[in-house]
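Structural overview for review
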Amino acid sequence: MPATALVAIAFEPLRGRLQRSVNRLLYGQRDEPYAAISSLGRRLGEAIGQTEVLSAMVDTIADALRLPYVAVELTEPVAGLAAVHGSPAAGIALRLPLVHGGERVGTLILGARAHGEALGEADRRLLEDFVRHAAAAVSGVALSSEVQRSRERLVSAREEERRRLSGDLHDGLGPTLAGAILTIEAARGLVTRDPAAVDDLLDRAAASIETTVADVRRLVYGLRPPALDQLGLIGALRQQASTLSTGGERQVACDVLAPDPMPPLPAAVEVAVFRIAQEALTNLARHAQARTASVRITIDGALHLEIRDDGVGLPAERHAGVGLISIRERTAELGGSFDIDSAPNCGTTVSVRLPLPAV
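Every value quoted in this text rests on a predicted model; they were computed, and no experiment measured them. (Residues numbered from 1 in each chain as written. Predicted model: local features only at pLDDT ≥ 70, side-chain atom pairs only at ≥ 80, totals over all residues. Heavy atoms only, no water.)

Here's the deal with the pattern of salt bridges
Side chains carrying opposite charge are able to pair once their charged atoms draw close together. Put simply, the rule is: In what follows, salt bridge is the name for a side-chain nitrogen of Lys or Arg lying within 4 Å of a carboxyl oxygen of Asp or Glu. Secondary structure follows DSSP: runs of H or I at least 4 residues long count as helices, runs of E at least 2 residues long count as strands, and numbering of each begins at the N terminus. Three labels apply to residues, based on accessible area from a 1.4 Å probe with only protein chains included: buried if under 20% of the type maximum, exposed if over 50%, partly exposed otherwise in between.
In this structure the tally under the stated criterion is two salt bridges. For Arg204, the salt bridge identified is with Asp200, shortest N-O distance 3.8 Å. Here the residue Arg204 and the residue Asp200 both occupy positions in helix 5 (residues 195-223), the gap between them amounting to four residues, near one helical turn. By relative accessible area, which is 43% here, Asp200 ends up partly exposed. Here Arg308 makes a salt bridge to Glu306, at a shortest N to O gap of 3.3 Å. Classification of Arg308 as partly exposed rests on a relative accessible area of 40%. Taking the relative accessible area as the measure of exposure, Glu306 reaches 21% and is therefore partly exposed.

Points about the pairing of strand 8 (residues 337-342)
Rules: For two strands to be treated as a pair, DSSP must find at least two bridges joining them.
Sheet analysis places strand 8 next to strand 9 (residues 348-355), joined by six bridges and oriented antiparallel. Paired with Asp341 across the strands is Thr349, a residue of strand 9. The antiparallel hairpin formed by strand 8 and strand 9 contains five residues in its connecting segment, where Asn345 sits at a positive phi of about 65°.

Printed below as a string of structure tokens:
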């Protein structure tokens, strides 16, 4: 009997090691959460591109839990499966929402190890940690994709603008000015022979030149709003805000708050702030049904722009329109950040942060 007990005691560590080996073989690292999370972090850190990040993530989760199938489904920017490991031969065991920053960014889809087999409590505990890391990774990939698309749209928009300006100069201003010159030359030849005809020709030349001046002003405004040079940034914003309280059925009282005096800003930042505020105030006037609004600028090493209203807020299922896309792209172009906070009947706040060069 004592010999049997000694054998049992001696065999116990070996039995534990065998059991752990069997568990690891069947269920992966679910009993070693630190090792599993460490492995996920290491593989995500080694991944280079967006596709590699998601592929490394599903491969690591599949290996850690010995699952035959793991997939990540994105919510945006393009809905659908973004990375897949294996195949769901035994069916789908679980779908877990991936939520980051309060927004759902995707779904983690897990296949069953065998038909009818559910994931155990130990699996679920480890998955809770996996889901947090996976949501952050998916959010990063989605954000990176959005930034890349924004840059592509900016480049495309810039080239389209250049082509439009080239066309306006070549097809509009050029022929108009050439025609005005010919008209003046014709009038010069008639000065002594037909003075009445000269007056008519000069009137036509003057009208042509006035049209050209209007076209030039339109082109200049497209490059940089004249109000910025005439009134300064804050004056231009106050002029824009004043349009909300004059005319129209829905009048909005809008205040503009900013440091006094306003420090000098790079031209690109001035134009971006004015255009972003202009877009936000235009959206506010059209859709917010607000009574009051405010535009606030603060500076603390970066410029912070906040446009707030007390309107109806954005719908729960909202899609970014042209205005919001423009704001996001102008912010991204200067390396800034953009956020929008809204709730039904609680108004909307658009927040933009633009970095400023060190003085």
